[in-house]
Amino acid sequence: MNNKNLPSILCDSISSEAGSAVADILEAGLDSMFEDSLLKDVPLLSTAASFYKIGHSIKERHYIKKLAEFIQALNNGLTEDAQIKKFRDKILQDQKKSEKELEYILILVDRYISNGKSTIIAKLYLSYLESKLNWDEFSMYSEMTNQLFMNDLEILRKEGNQIILEASSDAALRLTSMGLLYEIHEDPDFKVNDNGHLCYTKKAKKNEKIFSRTIFGTKYIEIIDSTNNFVK
């Protein structure tokens, strides 16, 4: 195990050299991505591979791939020297606190199955370090990401009210259960018909539901769809 602590190891993994190495690792595939020559330039990956003796199962190798995706997303969000310095300063100013937070993140990365979720947590983490999220919000979004179906995000990306057939509303209902969408229950709308009688009308039909994004959902999708969270 590397003598450095986890925050220092992560900071050493954020650089143009590490970013290039991570790209090579992700392109290499599960069977060849764990060669020493590939891992040595990414301290977090080489440390994890050494400590956990990675290579004995597909699950272990897949974990390194997810870590590589996490590091790649951090490097993509920190494109300038000033951003990298600010990131490192933030991580290292309270290393005991950062150690606990990073341990939590590494456990989450291990739990994620779908491709792309490691990238999401990296963007959430950058937003947390930038104080766009507090730790409770970061934790809620991170745990919620584990429950997400990645295809459901296409619904979350749509702005305004969405009228969805009830038979096809499973994705919207999942997002609603996580607080990302809410179902709109229309107030009764009455009008006088041609015969002078008061009748009830509504925009959605009986077999349709209306959904809209919550503030919580809007904040989440804006963060995960951003290309750069960290400012100079």
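For the structure, check the block above.
Along each chain, residue indices are assigned from 1 in the same order as the chain's sequence is written. Note on the predicted model: pLDDT of at least 70 is required for a residue's local features to be given, and 80 or more for side-chain atom pairs to be given and counted; whole-chain, interface and lining totals, by contrast, use all residues. Side-chain numbers come from the whole structure's heavy atoms, not from hydrogens or water.

**Notes on the overall build of the protein**
Stated precisely, the cut-off is as follows: A run of DSSP states H or I qualifies as a helix once it reaches four residues; a run of E qualifies as a strand once it reaches two. Both are numbered from the N-terminal end. Contact between two residues is taken to exist if any of their heavy atoms lie within 4.5 Å; hydrogens are not considered. Accessible surface area values rest on a Shrake-Rupley calculation with a 1.4 Å probe, where residue burial reflects the displayed protein chains alone.
For the protein, the count of helices and strands is 12 helices and five strands. Summarising the internal contacts of the protein: among those between residues at least 6 apart in sequence, 73% fall at separations of at least 24. Roughly 12700 Å² of accessible area belongs to the protein as shown, and the carbon and sulfur atoms make up 50% of that amount.

**Notes on unusual backbone geometry**
Glycine aside, the phi torsion of most residues is negative, and most peptide linkages are trans. In plain terms, the rule: Three exposure classes are used, based on accessible area relative to the maximum for each residue type with a 1.4 Å probe and protein chains only: buried under 20%, partly exposed in between, and exposed over 50%.
At S131, a residue that is not glycine, the phi angle is positive and equals roughly 70°. Note that S131 resides in the loop between α8 (117–129) and α9 (135–147). Residue classification places S131 among the exposed residues on the basis of a relative accessible area of 57%.

**Describing the pairing of strand β1 (residues 162–165)**
The cut-off we apply is this: If DSSP finds at least two bridges between two strands, the strands pair.
Here β1 shows a clear split, with Q162 and I164 buried on one side and none of I163 and L165 buried on the other. Pairing analysis gives four bridges linking β1 to strand β5 (residues 208–213), with the strands arranged antiparallel. Its bridge partner lying in β5, L165 is registered against E208.

**Some points on the packing of aromatic side chains**
Where we set the bar: Here a Phe, Tyr or Trp ring, Trp counted by its six-membered ring, pairs with any other such ring whose centre lies within 6.5 Å, and the pair is stacked when the planes are under 30 degrees apart, edge-to-face when over 60, and tilted otherwise.
This structure, assessed with the given rule, holds eight aromatic pairs. Judged by centre distance (5.1 Å) and plane angle (25°), the ring pair of Y141 and Y220 falls under stacked. Of the two residues, Y141 is situated in helix α9 and Y220 in helix α12 (residues 215–224); the sequence distance between them amounts to 79 residues. Taken individually, Y141 and Y220 each receive the classification buried, so the pair is uniform in this respect. What links up through ring pairs into an aromatic cluster is the set Y104, Y125, Y128, W135 and F138.

**Thoughts on the pattern of salt bridges**
The criterion, for reference: Here a salt bridge means any side-chain nitrogen of Lys or Arg lying within 4 Å of a carboxyl oxygen belonging to Asp or Glu.
By the definition in use, this model includes 10 salt bridges. A salt bridge links K85 to D89, with the shortest nitrogen-to-oxygen separation between them at 2.8 Å. Note that K85 and D89 are positioned in helix α6 (residues 81–92) at a spacing of four residues, about one turn of the helix. Look at K85 and you get exposed, because its relative accessible area is 53%. The partly exposed category is assigned to D89, whose relative accessible area is 39%. For R157, the salt bridge identified is with D225, shortest N-O distance 2.9 Å. Separated by 68 residues along the polypeptide, R157 in the loop between α10 (153–156) and β1 and D225 in the segment after α12 bring together distant segments of the chain. Taking relative accessible area as the criterion, D225 reaches 38% and is therefore assigned partly exposed. Put simply, D152, D170 and R174 are held in one network by salt bridges that share partners.

**With respect to the environment of S127**
For S127, the location among the structural elements is in helix α8. Note on S127: relative accessible area 0%, which makes it buried.

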